[in-house]
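Reading the structure
Letter by letter, the chains look like this.
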Amino acid sequence: MFRNTFQSGFLSILYAIGSKPLQIWRKNINNGYVKRITDFEMQSSVIEICGANVSTCFLTCPSNPKQTLGVKMPFLVLLIKYLKKYFTFEVQVIDDKNVKRRFRASNYQSNTRVKPFICTIPMKLDEGWNQIHFNLTDFTRRAYGTNYLETLRVQIHANCRIRRIYFTDQLLSSKSIPAEYRAFSNAQDDNAEEQYQNQLNPDQNQMMQGEEQYQAEYQEEHLEEQQHMEGEHEQEHQGGEEEGGEEQGQGQEQGQEQGQEQGQEQGQEQQNQEEQPKNEEQNQNVQEGGNAEEEQPKEENNNAGEGAPQEPPAEQ
């Protein structure tokens, strides 16, 4: 079906939301049912398959027995809700020896059994929704010592609820996967990952706590150094202000002295300017007095001439 198509990123073969979610699937139901319902926890449409016997109640893809999927992506991901009942699924692949192999995972087996054409694997599911990652390349190499080529068929048995089944070329973190390809939101996925890490590596958590404590102490020391440096800068700044104040005081004193000297010089110049017209007036008065003395003898001479006896006119 998909052998001649470009395969990259995500390739979905079942999505519960849509007009025909089981278009490429074939139903085989005995004493059971397959229907689409709304899951309260997911708040979305899902496919529910239930039956009295898991071996006789299943969905298979592709719907035509003569066709194969032809998917070469190595990771199969199933978004499944555990209903606290028996559940199993099968994946049929072909390896580089051109041999068809089947992998069957179920929650009612406890041991792994490898046979020439089928490998049964135990599976543990948590309550509620589960995101199952199946590494087809790794299982093919570990079980049969061959290389995985492509997936031929996928078969989902009762009892479960299905949100989505898809292939991907690489496993990504929950934050990198699109929302429609995840079981829950980022916050819920992060909480689940944190709980899993806490159960898996308690020593690692202690190491992380020690690292956080070291970082907190380092930040405190760094803050103390910053405060100390800021105090030194403030002291230097205050010292510079005091020096600047002394220089300003000295400049003011020098300016006052220069102003006093300039004021004295201006006063002397004003006095000189006031004395100059007085001297000029004195000089003018002196000159006028001299001229008056010179004019007085002339007037006396005139008067003398006028008072002297006139000579009688000569006789004719």
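Note that the structure is a prediction, hence the values are computed from the model and not measured. (Residues numbered from 1 in each chain as written. Predicted model: local features only at pLDDT ≥ 70, side-chain atom pairs only at ≥ 80, totals over all residues. Heavy atoms only, no water.)

1. Things to note about unusual backbone geometry
Heads up, the rule is: Secondary structure elements follow DSSP: runs of H or I no shorter than four residues count as helices, runs of E no shorter than two count as strands, and numbering proceeds from the N terminus. Note on exposure labels: buried denotes an accessible area under 20% of the residue type's maximum, exposed denotes more than 50%, and partly exposed covers the range between, all computed with a 1.4 Å probe on protein chains only.
In this model, Cys-61 is joined to Pro-62 through a cis peptide bond whose omega is 5°. Turning to its location among the elements, Pro-62 is positioned in the loop between strand S5 (58–61) and strand S6 (75–82). Here the amide bond leading from Ala-158 into Asn-159 is cis, since omega sits at 10°, within 30 degrees of zero. Positionally, Asn-159 belongs in the loop between strand S12 (148–157) and strand S13 (160–168). The phi dihedral of Asn-31 is positive, around 55°, even though this residue is not glycine. In this fold, Asn-31 is placed in the loop between strand S2 (26–28) and strand S3 (32–39). Residue Asn-31 is classed as exposed on the basis of its relative accessible area, which comes to 70%.

2. Here we look at the packing of aromatic side chains
Centre distance and the angle of the planes are the two values used to describe a pair of aromatic rings. Spelled out, the test is: Stacked, tilted and edge-to-face are the three classes applied to pairs of Phe, Tyr and Trp rings, where Trp contributes its six-membered ring and a pair requires centres within 6.5 Å; stacked means planes under 30 degrees apart, edge-to-face means over 60, and tilted covers the rest.
According to the stated counting rule, one finds eight aromatic pairs in the structure shown. Here the aromatic rings of Phe-89 and Phe-134 are separated by 5.9 Å at their centres, their planes lie at 80°, and the arrangement is edge-to-face. Taken together, the residues Phe-89 in strand S7 (residues 88–95) and Phe-134 in strand S11 (residues 128–135) connect sequence positions 45 residues apart. Using a relative accessible area of 1% as the deciding quantity, one classes Phe-89 as buried. With a centroid separation of 6.1 Å and an interplanar angle of 65°, the aromatic rings of Phe-103 and Tyr-144 are classed as edge-to-face. Placement of the pair is Phe-103 in strand S8 (residues 100–106) and Tyr-144 in helix H1 (residues 136–144), with a sequence separation of 41 residues. By relative accessible area, which is 1% here, Phe-103 ends up buried.

3. Focus on H1
How we decide: As used here, the arc belongs to the directions running from the helix axis to the C-beta atoms. The term polar contact refers here to a pair of N or O atoms within 3.5 Å; inside protein, the definition further demands a hydrogen-donor-capable atom paired with an acceptor-capable atom, and it admits residues adjacent in sequence only when both atoms are side-chain atoms.
Turning to H1, its buried residues are Leu-136, Thr-140 and Tyr-144. One side of H1 carries all its buried residues, which in axial view fall inside an arc of 35°. A distance of 3.3 Å separates the backbone nitrogen of Thr-137 from a side-chain oxygen at the start of H1, and that oxygen is part of Asn-135. Looking one or two places after H1, you find Gly-145, whose phi comes out positive at around 70°.

4. Here we look at empty space enclosed by the protein
It is a probe the size of a water molecule, rolled over the atoms, that shows where empty space is left. Quick note on the threshold: In the cavity and pocket records, a cavity denotes points on a 1 Å grid over the protein atoms alone where a 1.4 Å probe fits but cannot get out, a pocket denotes an open set with protein on both sides within 12 Å along at least 5 of 7 lines, and lining residues are residues with an atom within 4 Å of a point. Grid points are joined across faces, edges and corners, and a volume is the space filled by probe spheres set on the points. Charged residues are taken to be Asp, Glu, Lys and Arg, nonpolar residues to be Ala, Val, Leu, Ile, Met, Phe, Trp, Tyr, Cys and Pro, and polar residues to be all remaining types, Gly included.
A full pass over the atoms with the stated rule returns one cavity of 30 Å³ or more. Of the voids in this model, the largest cavity is the one considered here, and its volume is about 40 Å³. Around the largest cavity, the lining residues are Phe-10, Val-77, His-133, Tyr-166, Thr-168, Gln-170, Leu-171, Leu-172 and Ile-177. Here the lining of the largest cavity is composed, by residue class, of six nonpolar, three polar and no charged.

5. Considerations on the environment of Gly-128
What counts here: For this analysis, residues touch if any pair of their heavy atoms sits within 4.5 Å.
Tracing the backbone through its elements, the reader meets Gly-128 in strand S11. For Gly-128, a relative accessible area of 7% puts it in the buried group. For Gly-128 and Met-42, which are 86 residues apart along the polypeptide, the C-alpha to C-alpha distance reads 9.9 Å. Contact partners of Gly-128, with chain neighbours within four places excluded, come to Glu-41, Ile-80, Lys-81 and Tyr-82.

None of the figures reported here should be taken as evidence of function without further support.
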